[in-house]
Amino acid sequence: MIISKQKPFEEILNFLKGKDKIFITGCSLCATSCMTGGQQQIDEMKNKLEEHGKTVTGTTVLDPSCHRLQVRATLKKQKVELASADAVLCMACGDGAQTVAAFAKIPVYPANDTLFIGEVERIGHFHEACKACGQCELGWTAGICPITKCAKSLLNGPCGGATNGKCEVDPDNDCAWVLIYNRLKEQDMLDTLLEIKGPKDYSKAAHPRKYVVGR
Ligand code: SF4
Ligand code: SF4
């Protein structure tokens, strides 16, 4: 899931300076789970903008905001509300905001900061899980990502700086390599670590990336 966090309201208002009529979009998937772009957050944003003298011409929860065909079709259905707005405030991730910007024909402003690909631990608690490196290593690391969970993205074991199982870079975090070692041991798979990994091919993560199924 793409984890996002709502920007400070002052920053949002600053974007919307000189724009009086606003159309608000959200997203049914990640931003709803992050509580940054579901119907409830849209309603709250609408009330706040109206308190600050803006008119909200319409709202929609895109399903989802990163799906170009869905976004185009939904915005088409609401073309009257959209056409009467000076700007769109997009309560989705950066990808969702770019998708809306491709079709809106008026300025689109992000209401959220996009943080990372991560997991929901419990409501309102998220942690980073994957950096989309382009060649997944989980098959030999017991399902724990060394690229994301190790602060140094080490591929051949620990740096040696961990204390009591905690990372030397941020002692609030467990050392990924202690976790990997322990889980491989539980699974009787420590042999996996004997193979030295060569340099990782980070060209697979060069931006912007494209992928077409079947090619
Ligand atoms: S190894 Fe790469 S693709 Fe796999 S979880 Fe880690 S960052 Fe994501
Ligand atoms: S202490 Fe562990 S998680 Fe932290 S940088 Fe070193 S190997 Fe990586």
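Parameters and conventions
Residues numbered from 1 in each chain as written. Chains lettered and ligands numbered in written order. Predicted model: local features only at pLDDT ≥ 70, side-chain atom pairs only at ≥ 80, totals over all residues. Near = placed C-beta within 6 Å. Nonpolar A, V, L, I, M, F, W, Y, C, P; charged D, E, K, R; others polar. Pairing = 2+ DSSP bridges. Helix = DSSP H or I, 4+ residues; strand = E, 2+ residues; numbered from the N terminus. Axes fitted to C-alpha atoms, helices over the stretch in contact; angles between N-to-C directions. Domains from an automatic or database assignment.

**As for the site of ligand 1**
In step 1: Residues in contact with ligand 1, as listed here, are Cys-130, Lys-131, Ala-132, Cys-133, Cys-136, Glu-137, Leu-138, Cys-145, Ile-147 and Thr-148.
In step 2: For the shell around ligand 1, the per-class residue count stands at 7 nonpolar, 1 polar and 2 charged.

**Re the sheet that holds strand β1 (residues 2-6)**
Strands in a sheet are paired, the pairing made by backbone hydrogen bonds, and the direction either parallel or antiparallel.
In step 1: With antiparallel pairing, the 3 strands of this open sheet are ordered in space as β1-β6-β7. Two strands close off the open sheet at either side, each with one partner strand: β1 and β7 (125-130). Each adjacent strand pair in this sheet contributes to an overall mean axis angle of 70 degrees, direction not counted.
In step 2: Where strand β6 (residues 112-122) and β7 come together, 5 bridges link them in antiparallel fashion. Residue pairing across strands places Gly-118 opposite Glu-128, the latter belonging to β7.

**Things to note about the site of ligand 2**
In step 1: If you check the shell around ligand 2, you find 14 residues, and the closest are Cys-150, Pro-158, Cys-159, Cys-167 and Cys-175.
In step 2: Residue composition of the shell around ligand 2, grouped by class: 11 nonpolar, 1 polar and 2 charged.

**What to know about the environment of Lys-185**
In step 1: Summarising the element assignment, Lys-185 is placed in helix α8 (residues 176-186).
In step 2: The spacing of Lys-185 and Pro-158 is 27 residues in sequence and 15 Å in space, taken between C-alpha atoms.

**Describing the domain arrangement of the protein chain**
In step 1: What the domain assignment reports for the protein chain is domain 1 (2-115) and domain 2 (133-201).
In step 2: Computed over C-alpha atoms only, the centres of domain 1 and domain 2 are separated by 39 Å.

**A look at the sheet that holds strand β4 (residues 87-90)**
In step 1: Spatial strand order, β3-β2-β4-β5: 4 strands in an open sheet with parallel pairing. Because the sheet does not close on itself, it has two edges, and the strands there are β3 (55-62) and β5 (108-110). Within the sheet, the average angular offset between the axes of one strand and its neighbour, ignoring direction, is 25 degrees.
In step 2: Relative to β5, β4 is paired through 3 bridges, and the arrangement is parallel. When the bridges of β5 are listed, Cys-90 appears paired with Pro-110.

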